[in-house]
Amino acid sequence: MQGRITKVLNMKPPEILSMLEEAAGTRMYEMKKDVALKTLLKKQTKVDEINSVLSQEILPALEKLRKERAQYINWVNGNAELDRLKRFCIAFEFFKAEKIKNAAIHDVESMQCSITESQKAVKDLNDEISEKEKTISDLTLEKEKSMSNDIHKLSDKVDQLSSMLVKETSVYSNQKDTLKTEKAAIKKLERNIKDLEAFYAEKCAEILKIDNDAAGLKSKVEMLTSNLVEFEKEYQGVQAGKSGGHEEKSLADQLSEMKVAAGKAMTESKQAKTRIHHLEEELKERKRQLASKKEEANALDKELQSKRTEIEKIRNALSCIPIEEGRLESLEKLKEQELEAIGKLEAEINEISAQLGSMNFHYSDPVKNFERTRVKGVVARLMHVKDIMAATALEVAMCYVFGGTFVCKNTDAARQVTFHKDIKVPSVSLEGDIFDPRGLLTGGARKGSGNLLKQLHRLSVAESELAKHRAKLSEVEAEIRSLLPSHKRYDQLKSQLELKSYDLALSEERAKECEHHKLSEAVSQLGQDLDAATAEFSAKEELCKSCLEKVTSLEQAIKDHGRDRESRLFALEKQIKAVKQQLSVSAKELKGFSGQKERLMMEKEAIAQEQSSLEAQLSSSKEQVKVMEESLETHALQVDAIKKEYMIAEEQLKESRTKIKECDSEINSLTRAVNKLQQKKTDWQVEIRKMENEIKRMESEQVECSRVFEKLLQMHKWITTEKQLFGKPGTDYDFSSRDPTTARAELDARESEQSNIEKRINKKVITMFEKAEDEYNSLIFKKQIIENDKSKIHKVIHELDEKKKETLKITWQKVNKDFGSIFSTLLPGTTAKLVPPEGGNVMDGLEVRVAFGSVWKQSLSELSGGQRSLLALSLILALLLFKPAPLYILDEVDAALDLSHTQNIGRMIKAHFPHSQFIVVSLKEGMFNNANVIFRTKFVDGVSTVTRTVPDAKQQRKKLGSTPERRMPLKENTVR
């Protein structure tokens, strides 16, 4: 008891303050504050995550998309400018082709007239050439008659030398063929030598194989030799008294070691058994402690069950919120699809509008506050074609703005309407044929007709589709806005569910840290240790048993060794003899392999000799070929000599012919004249050919221009509607104000530039930018919500701190008052109080101060043991009095006190705890005097007897100092 009193009085100021907090119930504030701080930490973590996402992902992506959007807009504007420039270049190409086509017809006619005149001049030249050629023929006949004999002789000599040259050349060719045959024989010898080399290699391989086989046999001989050594070693071991030749120790040594091992195993088995006994005792004690902590575990289970119930309620609330899973995401996806469709339609509308540049009507207000709704724009934009088949006819009719012109289904109907005597009104068929009552008929295939209205029809359809998609987008966005509140409520409940789940997890962790859980784990661990000790005991028992069996077997082996020694020696001698016989047989086989190897070595040497012979023959053939090559060279010199003589004779023949040429001077002069005429004729023919080629080129150019003309009309339907503007000043197609060559170069540059830009741009950037911007705004909104929640949590924490301080202050004042009153009742003439430490406040802690009379003690160590006990009891009862309980139990609190102090305790209880019941265990009479009911226990005849006594009211008043009365007997009830 004294030790507990000392513990209470030695408490530090923070510990006494904690007791006061426990009495005031401010722990609840601390728990709520902890929960609020944890929630605040989660909110801050969420804010940090949002800031991180904004700074690292959203803002960089948004900036990047903003740049890409600017690039995309520049690219779209560039495409519009490129389209205008392309139209200018195509218009110039069409204008040029049409001009060349019209000019080519006149140029061809003038060229054909020039060709007719040139052909007449060529005919005159042919007549003159014929006369001069006849004169040359007559002169040539006279020359051949006079100089033919000398030329014939020289010609015969040349023929004879030619025959000799052919003969010698044939002999030279035969010698050359013989040389070729000898060279082929040399190649054959070389092949034979190569084959012998292959045979030589085969023999070497066979020798290598024999060596390998002999190596296997050698290994067998080595194995038999090793076995022989083993058997001999075994034989020596048995002679030395061992069980085998490989054993290092004798049987007696092995028996001694095994007995030691058996003793050790038996000792370890006994230790394991003792450990099992201790573990069983400790397990029983732990289970008893575990049973005593069951109530604490039940309380924790109830708390956990309560928190689980709250979580289940939140989950039920979540399930009651009418949210279709994935609906918001599908709407967001649908919104993206609509935005993408709107972007495509806007691009299509821009493209069609660019092609219909002449249909765009822009004007400035003629006067201030002009009513622009009165201007309807271009007539074509006001029309809506119901049947696209009638586009051609309507386009023709639009030239008159429907000024009394009928549109008919076919030409027959149009003819009847126009030329009817009662109608006589201009009409146009669906194919574009125009009928006029004055007799004018315009028809045929109209290239490009109806294209304008078709384009306008496409534009109208695209604008209608765009309006539908925009309406659909508005509906989707409205539905998204209607779903956001329920999703917000769903997210709030989900956040509460996460907080409650986290709180439940913390409670479960606290439950694991409680003493009951630790005792459960200790019981489980002790069970595992007991199982391990039991297994170890079994293993040691088995080891001991095994060692004892080995001891028995070794003892038996020692007995059997002496008895079987001679028989084992005899068997080993027999095995040694058999191995020696096998070793002898293997040695003979190895010797046979050696003989076979010698035979192969001899064959190898014979092949080598034959190879040497062929190599000598080859050397001889090469010498012979060398001689033949020298002979062939000599014969070649003879052929050269004949060839030189032949050339001399041929030269003489040429000289004779030269003389004939000198006689031909006159013929040559005539020939030159003929050649000049021929050259002149050729020049005229070349000029004619050039003109014909020019005509073909011009016709081809005309065809090409026509083809380009038709192709441009087919490819670009807008040419039909705008060709009347080509080359006219003040229009977009003014070729004089803008150089077409420069425009073409600029077009190529712009196309290249736009192509490069198109590879780099992101065509979905508009949708992506809007999505990223929405995501950024959503995160900023969430961040603002979290910041508001944080400020609210800070406010709650501040309120909790203020409430705690206020409650502690009220509690301190009440406890301090009761503490002084109780202590002065227990020890009259004294007083006590709880004060903050010097220089501090109540929140820093409380100290116990005691005064005797008006003198305050500096230290509690100046008090006696009884005074210290009363002081500690006063402090505890003052704390309990703050929130009185219905029942208190005091067990011999007056054991160390004097009788007067004991009486003071009784009076104090009656005075300060009038609404509570006390069960007091005491052995002192002073405590009995203040009791309402007394239970006494004692032994009577060896039996424990309990006596219940109710003091008379008059006796109690007397004991309390009232008027003295006659003593009345006590009422007693005795129970055995």
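Residues numbered from 1 in each chain as written. Predicted model: local features only at pLDDT ≥ 70, side-chain atom pairs only at ≥ 80, totals over all residues. Heavy atoms only, no water.

What to know about the overall build of the chain
Okay, so step 1: The number of helices and strands found in the chain is 19 helices and 12 strands.
Okay, so step 2: Of all 976 residues assigned to the chain, the portion counted as buried reaches 30%.
Okay, so step 3: Sequence-distant contacts, at least 24 apart, represent 74% of the contacts inside the chain between residues at least 6 apart.
Okay, so step 4: Carbon and sulfur atoms form 53% of the exposed surface of the chain, whose accessible area is close to 63600 Å². (Helix = DSSP H or I, 4+ residues; strand = E, 2+ residues; numbered from the N terminus. Buried < 20%, exposed > 50% of the residue type's maximum accessible area, 1.4 Å probe, protein only. Contact = heavy atoms within 4.5 Å. Areas by Shrake-Rupley, 256 points an atom, 1.4 Å probe, with all protein chains shown as cover.)

Comments concerning the side chain of lysine 43
Okay, so step 1: With respect to the element layout, lysine 43 can be found in helix α3 (residues 27–146).
Okay, so step 2: Judged by its relative accessible area of 18%, lysine 43 is buried.
Okay, so step 3: If we skip the residues at most four places from it in the chain, lysine 43 touches Ile786, Asp789, Lys790 and Ile793.

Focus: the packing of helix α7 (residues 327–355) against helix α15 (residues 765–826)
Okay, so step 1: Put simply, α7 and α15 touch, their axes get as near as 10 Å, and they point 145° apart. In this structure, α7 meets α15 at a crossing whose hand is right-handed. Here Lys335, Glu336, Leu339 and Glu340 of α7 lie close against α15, whose contacting residues are Thr767, Glu770, Lys771 and Asp774.
Okay, so step 2: For the contact of α7 with α15, the per-class residue count stands at one nonpolar, one polar and six charged. (Axes fitted to C-alpha atoms, helices over the stretch in contact; angles between N-to-C directions. Left-handed = near helix turned anticlockwise from the far one by under 90°. Nonpolar A, V, L, I, M, F, W, Y, C, P; charged D, E, K, R; others polar.)

Observations concerning unusual backbone geometry
Okay, so step 1: Of note, aspartate 941 is a non-glycine position whose phi angle comes to about 55°, a positive value.
Okay, so step 2: Examined against the element boundaries, aspartate 941 turns out to sit in the loop between β10 (934–940) and β11 (943–950).
Okay, so step 3: The exposed category is assigned to aspartate 941, whose relative accessible area is 70%.

Structural notes on the packing of aromatic side chains
Okay, so step 1: Per the stated rule, a full pass over the model turns up three aromatic pairs.
Okay, so step 2: Judged by centre distance (4.9 Å) and plane angle (25°), the rings of tyrosine 888 and phenylalanine 918 are stacked. Here the residue tyrosine 888 occupies a position in strand β8 (residues 887–891), and phenylalanine 918 occupies one in strand β9 (residues 917–921), the gap between them amounting to 30 residues. Here the two residues tyrosine 888 and phenylalanine 918 agree in accessibility, since each one is buried.
Okay, so step 3: Ring geometry for phenylalanine 913 against phenylalanine 918: centres 5.1 Å apart, planes inclined by 70°, an arrangement best described as edge-to-face. For the residue pair phenylalanine 913 and phenylalanine 918, the accessibility class agrees, reading buried in each case.
Okay, so step 4: What links up through ring pairs into an aromatic cluster is the set Tyr888, Phe913 and Phe918.
Okay, so step 5: A cation over an aromatic ring shows up here: lysine 833 above the ring of tryptophan 856, its NZ or CZ 4.4 Å from the ring centre. (Phe/Tyr/Trp six-rings, centres within 6.5 Å; stacked < 30°, edge-to-face > 60°. Lys NZ or Arg CZ within 6 Å of the ring centre and 35° of its normal.)

Examining the sheet that holds strand β5 (residues 830–835)
Okay, so step 1: Read from one edge to the other, the open sheet built from three strands follows the order β5-β6-β7, with strand pairing classed as antiparallel. Bordering the open sheet on either side are β5 and β7 (855–856), each of which pairs with just one other strand.
Okay, so step 2: Along the sheet, α15 makes contact with β5 and β6 (847–852), crossing β5 at roughly 160°.
Okay, so step 3: Lying on the sheet, helix α16 (residues 865–882) is in contact with β5 and β6; it crosses β6 at an angle near 125°. (Pairing = 2+ DSSP bridges.)

Digging into the packing of α16 against helix α17 (residues 899–912)
Okay, so step 1: In the contact formed by α16 and α17, the axes pass within 13 Å of each other and the chain directions differ by 10°. Classified by the angle their axes make, α16 and α17 are roughly parallel. Here α16 contributes Leu870, Leu873, Leu877 and Leu881 to the contact with α17, which in turn contributes His901, Ile905, Met908 and His912.
Okay, so step 2: Of the residues in the contact of α16 with α17, the class split is six nonpolar, two polar and no charged. (Parallel < 35°, antiparallel > 145°, perpendicular 65-115°, else oblique.)

Digging into the pattern of salt bridges
Okay, so step 1: Here the structure, examined in full by the defined rule, presents 11 salt bridges.
Okay, so step 2: Here glutamate 336 and lysine 771 are joined by a salt bridge, their closest N and O atoms 3.1 Å apart. Residue glutamate 336 is located in helix α7, and its partner lysine 771 is located in helix α15; the two are separated by 435 residues in the primary sequence.
Okay, so step 3: In this structure, the salt-bridge partner of lysine 468 is glutamate 465, at a minimum N-O distance of 4.0 Å. With lysine 468 and glutamate 465 both in helix α10 (residues 451–513), this residue pair falls three residues apart, about one helical turn.
Okay, so step 4: A relative accessible area of 30% means that glutamate 465 is categorised as partly exposed. (Salt bridge = Lys/Arg side-chain N within 4 Å of Asp/Glu carboxyl O.)

Section: a negative patch on the surface
Okay, so step 1: A surface patch of like charges, here negative, comprises Asp124, Asp127, Glu128 and Glu131.
Okay, so step 2: By the secondary structure assignment, glutamate 128 is in helix α3. (Patch = residues over 30% accessible without salt bridge, like charges linked within 9 Å, V, L, I, M, F, W, Y side chains within 5 Å. Lys, Arg positive; Asp, Glu negative; His and termini not counted. Charge placed at Lys NZ, Arg CZ, Asp CG, Glu CD.)

Focus: a positive patch on the surface
Okay, so step 1: A grouping of Lys180, Lys187, Lys188 and Arg191 is seen on the molecular surface, where their side chains present a positively charged patch.
Okay, so step 2: Examined against the element boundaries, lysine 188 turns out to sit in helix α4 (residues 148–239).

Description of the environment of lysine 270
Okay, so step 1: Relative to the elements of secondary structure, lysine 270 occurs in helix α5 (residues 251–292).
Okay, so step 2: A relative accessible area of 57% places lysine 270 in the exposed class.

Focus: the layout of surface pockets
Over the atoms a probe the size of a water molecule is rolled, and this reveals where empty space is left.
Okay, so step 1: Approximately 1300 Å³ is the volume found for the second largest pocket.
Okay, so step 2: The wall of the second largest pocket is formed by 43 residues, among which Tyr72, Glu346, Ala347, Asn350 and Glu351 lie closest to the centre.
Okay, so step 3: Elements with a minimum of two residues in the lining of the second largest pocket: α3, α7, α10, α13 (718–722) and α15. (1 Å grid on protein atoms, 1.4 Å probe; cavity = no way out; pocket = protein on both sides within 12 Å on 5 of 7 lines; lining within 4 Å. Points joined across faces, edges and corners; volume = space filled by probe spheres on them.)

With respect to the state of the cysteines
Okay, so step 1: Counted under the stated rule, the structure contains zero disulfides.
Okay, so step 2: Unpaired in this structure, cysteine 547 has its nearest cysteine sulfur neighbour in cysteine 544, at a distance of 6.9 Å. (Disulfide = S-S within 2.5 Å.)

Topic: the nonpolar core
Within soluble globular proteins, side chains that are nonpolar generally end up buried alongside one another.
Okay, so step 1: Phe819, Leu834, Leu846, Val848, Val850, Leu871 and Ile905 are the most contacted members of the largest nonpolar core, which has 40 residues in total.
Okay, so step 2: Of all the secondary-structure elements, those providing two or more residues to this core are α1 (2–9), α2 (13–24), α15, β5, β6, α16, β8 and α17.
Okay, so step 3: The greatest single-element share of this core, amounting to nine residues, is contributed by α16.
Okay, so step 4: When near neighbours in sequence (up to four residues on either side) are disregarded, valine 848 contacts Ile16, Phe819, Lys833, Leu834, Leu860, Leu871 and Leu875.
Okay, so step 5: Grouped together as the second largest cluster of nonpolar side chains are 20 residues, Leu82, Ala91, Phe709 and Leu713 included. (Core = buried A, V, L, I, M, F, W, Y, C linked by side-chain atoms within 4.5 Å.)

A word on a nonpolar patch on the surface
Okay, so step 1: A surface patch of nonpolar side chains, about 310 Å² in accessible area, is lined by Val933, Phe935, Val946 and Val950.
Okay, so step 2: By secondary structure assignment, the location of valine 950 is in strand β11.
Okay, so step 3: What makes valine 950 partly exposed here is its relative accessible area of 34%.

Observations regarding α16
Okay, so step 1: For α16, spanning 18 residues, the distance from its first C-alpha to its last is 26 Å, which sits close to the expected 26 Å at 1.5 Å a residue.
Okay, so step 2: Judged by how many residues are buried, α16 sits mostly within the fold: 14 of 18 residues are covered. (Expected span 1.5 Å × (residues − 1).)

A few points about helix α6 (residues 294–320)
Okay, so step 1: For α6, which comprises 27 residues, the first-to-last C-alpha distance of 39 Å matches the rise-based estimate of 39 Å (1.5 Å per residue) to within 8%.
Okay, so step 2: Taken together, the buried positions of α6 are Ala297, Leu300, Leu304, Lys307, Ile311, Ile314 and Leu318.

Comments concerning the pairing of β10
Okay, so step 1: The sheet contact formed by β10 and β11 spans seven bridges and is antiparallel. Bridge pairing in β11 links arginine 936 to threonine 947.
Okay, so step 2: Between β10 and β11, which pair antiparallel and follow one another directly, the connecting turn spans two residues, one of which, aspartate 941, has a positive phi of 55°.

Considerations on the environment of threonine 534
Okay, so step 1: Among the structural elements, threonine 534 can be located in helix α11 (residues 515–662).
Okay, so step 2: Residue class for threonine 534 comes out partly exposed when judged on its relative accessible area of 35%.

Describing the confidence of the model for the chain
Okay, so step 1: Confidence along the chain averages 75 in pLDDT terms, with 83% of residues attaining 70 or more.
Okay, so step 2: No element of the chain has a lower mean pLDDT than strand β12 (residues 971–975), at 42, and none a higher one than β11, at 88.
Okay, so step 3: Contacts of residues 959–976 to residues separated by more than four positions or lying in other chains number 30 contacts, the stretch itself having pLDDT below 50. (pLDDT = per-residue confidence, 0-100.)

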